[in-house]
Amino acid sequence: MSAAASLRSCWRALTEPSLIRRLVLAQALLLVLVWTVLSVLLMLEFQRDTSELASARHDAVLAVAKPLLDRPAALHEALARIDLARRLEGQLPDEPRWRVNMMVWQGPALLFMSPGLRAPIVQTALDRIENVMADGERWRALTQRDAAGDLRVTLAISDEPGRGMLTLASHGLLVLPLLISAPLLILPAWGALQLALRPWRRLSDEVAGRGMGDLAPLAFQPRHRELQPLARGVDSLLKNVRDGLARERSFIDDAAHELRTPVAAMRVHVEALHSLDRPGAMAERLEALVRCSDRASRLVEQMLALVRADGQPELGAQRVAVDKVLRERLGDLAGLARARGVELDLDAPDPVPLWAEGQALASLIDNLVDNAIKYSPAGGVVRVRAHLDRGRAAVIDVSDEGPGIPLAWRARVFDRFVRAPDQSVSGSGLGLAIVAAVARRHGGTIACEDTGEGRGLRVRVTLPGIPPAGRG
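Computed from a predicted model, the values in this text were never measured in an experiment. (Residues numbered from 1 in each chain as written. Predicted model: local features only at pLDDT ≥ 70, side-chain atom pairs only at ≥ 80, totals over all residues. Heavy atoms only, no water.)

A.B. asks: What am I meant to see in the environment of Ala420 here?
C.D. replies: If you trace the backbone, Ala420 turns up in the loop between strand 10 (394-399) and helix 12 (431-441). Owing to a relative accessible area of 9%, Ala420 belongs among the buried residues under this scheme. Each C-alpha atom, one on Ala420 and one on Pro406, is 7.5 Å from the other, the two residues being 14 residues apart in sequence. When sequence neighbours within four positions are dropped, the list of residues in contact with Ala420 reads Ile405, Pro406, Trp409 and Val413. (Helix = DSSP H or I, 4+ residues; strand = E, 2+ residues; numbered from the N terminus. Buried < 20%, exposed > 50% of the residue type's maximum accessible area, 1.4 Å probe, protein only. Contact = heavy atoms within 4.5 Å.)

A.B. asks: Can you help me understand the sheet that holds strand 9 (residues 381-388) in this one?
C.D. replies: Backbone-to-backbone hydrogen bonds join strands into a sheet, with any given pair of strands oriented parallel or antiparallel. The strand order 7-9-10-12-11 describes an open sheet built from 5 strands, whose pairing is mixed. What marks the edges here is a single partner per strand, and that holds for strand 7 (343-347) and strand 11 (445-449). Neighbouring strand axes in the sheet, compared pairwise and without regard to direction, differ in orientation by 15° on average. By the bridge criterion, 6 bridges tie strand 9 to strand 10 in an arrangement that is antiparallel. Bridging across to strand 10, Leu388 finds its partner in Ala394. Each of strand 7, strand 9 and strand 10 is contacted by helix 10 (residues 322-339), which is oriented at about 175° to strand 7, the strand it contacts most. (Pairing = 2+ DSSP bridges. Axes fitted to C-alpha atoms, helices over the stretch in contact; angles between N-to-C directions.)

A.B. asks: Any chance you could explain the sheet that holds strand 3 (residues 130-134) here in plain terms?
C.D. replies: Here 5 strands make up an open sheet; going across it, the order is 2-1-5-4-3 and the pairing antiparallel. Across the chains shown, the open sheet's two edge strands, defined by having one partner strand only, are strand 2 (109-113) and strand 3. Recorded for the sheet is a direction-independent mean angle of 35° between the axes of neighbouring strands. Two elements, strand 1 (residues 101-106) and strand 2, share 4 bridges in a ladder whose sense is antiparallel. If you follow Gln106 over to strand 2, its bridge partner there is Ala109. Strand contacts of helix 4 (residues 72-87): strand 1, strand 2 and strand 5 (151-158), with the helix running at about 45° to strand 2, the strand carrying the most contacts.

A.B. asks: Would you mind showing me how to read the pattern of salt bridges here?
C.D. replies: Opposite charge on two side chains makes pairing possible when the charged atoms of those side chains draw close. If you walk through the whole model with that rule in mind, you get 14 salt bridges. With a closest N to O distance of 2.6 Å, Arg329 and Asp332 form a salt bridge. With Arg329 and Asp332 both in helix 10 and 3 residues apart, this pair spans about one turn of that helix. When its relative accessible area of 54% is taken as the criterion, Asp332 is described as exposed. One salt bridge in this structure joins Arg458 and Glu449, with 3.1 Å as the shortest N-O distance. When its relative accessible area of 25% is taken as the criterion, Glu449 is described as partly exposed. Taken together, the shared-partner salt bridges connect Arg118, Asp135 and Glu137 into one network. (Salt bridge = Lys/Arg side-chain N within 4 Å of Asp/Glu carboxyl O.)

A.B. asks: Quick question: what am I supposed to make of empty space enclosed by the protein here?
C.D. replies: In this approach the atoms are scanned with a rolling probe the size of a water molecule, which exposes any empty space left behind. Counted according to the given criterion, the structure contains 1 cavity of 30 Å³ or more. Taken as a whole, the largest cavity spans an internal volume of roughly 60 Å³. In terms of lining residues, the largest cavity is bounded by Leu368, Asn371, Ala372, Val398, Asp400, Leu432, Leu457 and Val459. A total of 3 residues in the lining of the largest cavity trace back to one element, the largest contributor, which is helix 11 (residues 358-375). Among the residues making up the lining of the largest cavity, the classes are represented as 6 nonpolar, 1 polar and 1 charged. (1 Å grid on protein atoms, 1.4 Å probe; cavity = no way out; pocket = protein on both sides within 12 Å on 5 of 7 lines; lining within 4 Å. Points joined across faces, edges and corners; volume = space filled by probe spheres on them. Nonpolar A, V, L, I, M, F, W, Y, C, P; charged D, E, K, R; others polar.)

A.B. asks: Please explain a nonpolar patch on the surface as it appears in this structure.
C.D. replies: Together, Leu30, Leu33, Val34, Val37, Leu38 and Leu41 give the surface a local cluster of nonpolar side chains, amounting to about 540 Å² of exposed area. Mapped onto the fold, Leu38 is located in helix 2 (residues 19-48). Note on Leu38: relative accessible area 47%, which makes it partly exposed. (Patch = residues over 30% accessible without salt bridge, like charges linked within 9 Å, V, L, I, M, F, W, Y side chains within 5 Å. Areas by Shrake-Rupley, 256 points an atom, 1.4 Å probe, with all protein chains shown as cover.)

A.B. asks: I tried to follow the nonpolar core on my own but got confused; where do I start?
C.D. replies: One recurring pattern in soluble globular proteins is that nonpolar side chains are buried together. Membership of the largest hydrophobic core comes to 42 residues, with the highest contact counts inside it found for Val322, Leu354, Leu361, Leu364, Ile365, Leu368 and Val461. If you list the elements that add at least two residues to this core, you get helix 10, strand 8 (353-356), helix 11, strand 9, strand 10, helix 12, strand 11 and strand 12 (458-463). The contacts of Leu364, once residues within four sequence positions are left out, are Ile396, Val435, Val438, Ala439 and Val461. With 17 residues, the next largest nonpolar core counts Ala65, Leu68, Phe112 and Val153 among its residues. (Core = buried A, V, L, I, M, F, W, Y, C linked by side-chain atoms within 4.5 Å.)

A.B. asks: How should I be thinking about the packing of aromatic side chains in this particular structure?
C.D. replies: For any pair of aromatic rings, the description consists of the separation of the ring centres together with the inter-plane angle of the planes. By the definition in use, this model includes 0 aromatic pairs. The positively charged end of Arg412 is found above the aromatic ring belonging to Trp409, 4.5 Å away from the centroid. (Phe/Tyr/Trp six-rings, centres within 6.5 Å; stacked < 30°, edge-to-face > 60°. Lys NZ or Arg CZ within 6 Å of the ring centre and 35° of its normal.)

A.B. asks: How should unusual backbone geometry be read in this particular structure?
C.D. replies: When glycine is set aside, most residues are seen to have a negative phi, and most peptide bonds are trans. Phi is positive for Asp127, which is not a glycine, with a value near 60°. By secondary structure assignment, the location of Asp127 is in the loop between strand 2 and strand 3. Positive phi values are uncommon outside glycine, yet Asp135 reaches one of about 55°. Along the chain, Asp135 turns up in the loop between strand 3 and strand 4 (137-145). Note on Asp135: relative accessible area 45%, which makes it partly exposed.

A.B. asks: Help me out: how do you make sense of the side chain of Asp400 in this one?
C.D. replies: Tracing the sequence through the fold places Asp400 in the loop between strand 10 and helix 12. Here Gly402 takes part through its backbone nitrogen, which lies 3.0 Å from a polar atom of the side chain of Asp400. Other than its neighbours up to four places away in sequence, Asp400 contacts Ala372, Ser376, Val381, Thr451, Arg455, Gly456 and Leu457. (Polar contact = N/O pair within 3.5 Å; in protein donor to acceptor, adjacent residues only side chain to side chain.)

A.B. asks: I tried to follow the environment of Arg412 on my own but got confused; where do I start?
C.D. replies: Inspection of the secondary structure assignment puts Arg412 in the loop between strand 10 and helix 12. In this structure the C-alpha to C-alpha distance between Arg412 and Ala433, which are 21 residues apart in sequence, comes to 9.5 Å.

A.B. asks: Could you clarify how one ought to interpret the pairing of strand 11 in this entry?
C.D. replies: Here is the key point about a regular strand: its side chains alternate between the two faces of the sheet. The side-chain alternation of strand 11 yields one buried face, formed by Ile446 and Cys448, and one unburied face, formed by Thr445, Ala447 and Glu449. When strand 11 meets strand 12, the two strands line up antiparallel, connected through 5 bridges. Bridge pairing in strand 12 links Thr445 to Thr462.

Here it is, written out as structure tokens:
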């Protein structure tokens, strides 16, 4: 497969609607939403938390700073270490909005201020937490002093949740954990959905694997509450189709049998009139009546053949020799071929064994050859060939020299009462439908194709043959 074809295949797989992908994306979006809500809640909780401003922290700084007031360098180093140690307890140690900031005063002089602050946070009140504005930002600050009242320590944390969220986002700490954890959450979710949807796939595979004639209830009956209505709906649909087909077959069977008697009686009366002396015009009308009677009889026989071909699912098959049946049926059809000036040519030199219903196989051959004779021109040849392919399937080819069937209609002509347009020969549209029904009943296939000679049509029927170690 070329690179372009691979890319197209991948693009189709990505853009094709998928229920599993939809569920996984829904879970991913839910994960992002929950993550965002939790982040906001954590930020708000952080803003409300005042434990970082506890008095014990002030006392510790005062206890360290007071003995070192006369040694400024040592004092600054000690306070810087205390501040760094506290900043390293959390994330973003160099970001003032995301840490506790410290300032130490001696009278009006600022002895120490946490690095990163652009301006000192000055609190006028002592021993209580209050909101303070410094350099355009809000802070919560608590200031305490020593017993002498000259040394003061101020601890402050940001009071702006929005800026705190932007700080986290700018450093990737809001999105990065989500990106790291998403594959670890989405992949198991995808696998869990694949496992959870196994009953759905099993049900869909059974429905997709059904053939046209398999209308039995579903073998797989899911126990899952979500799938039970679907399985019941499919079974109900199959039952309705079975009942409809049974009514249709019963109607056609009854109608065909009921029509047999009046059609036969009409023919008897027409033939009786035909033997009497009659004027020329009446003779022509009687000839037309005879042809109509023949056509009606043919239609009735085809309807009965179609009912039999679509009948009971049990196949009463026996071992038959296709080559022998072909010779018998072509012998019976030779008179019809001669009347139309068509030659029959049989090519079946080797035995072609098959498990089939003899009457159904004869009906298949009769309709195929009769159809080919009917559409062949005078002087044409209908070629019938039978052989075993490499898979030991029986193949029957019937070719004519008629007008053929347009490519767009070749799949439809196997439906009942469907005929290709612009046909000069009259017909009922049941012949190929009977052939297709018999082929399906035997587990075979049927197809129309060109003969390769510029005109005509070849109808190929393939039926499962008898394996070398098979029955019989």
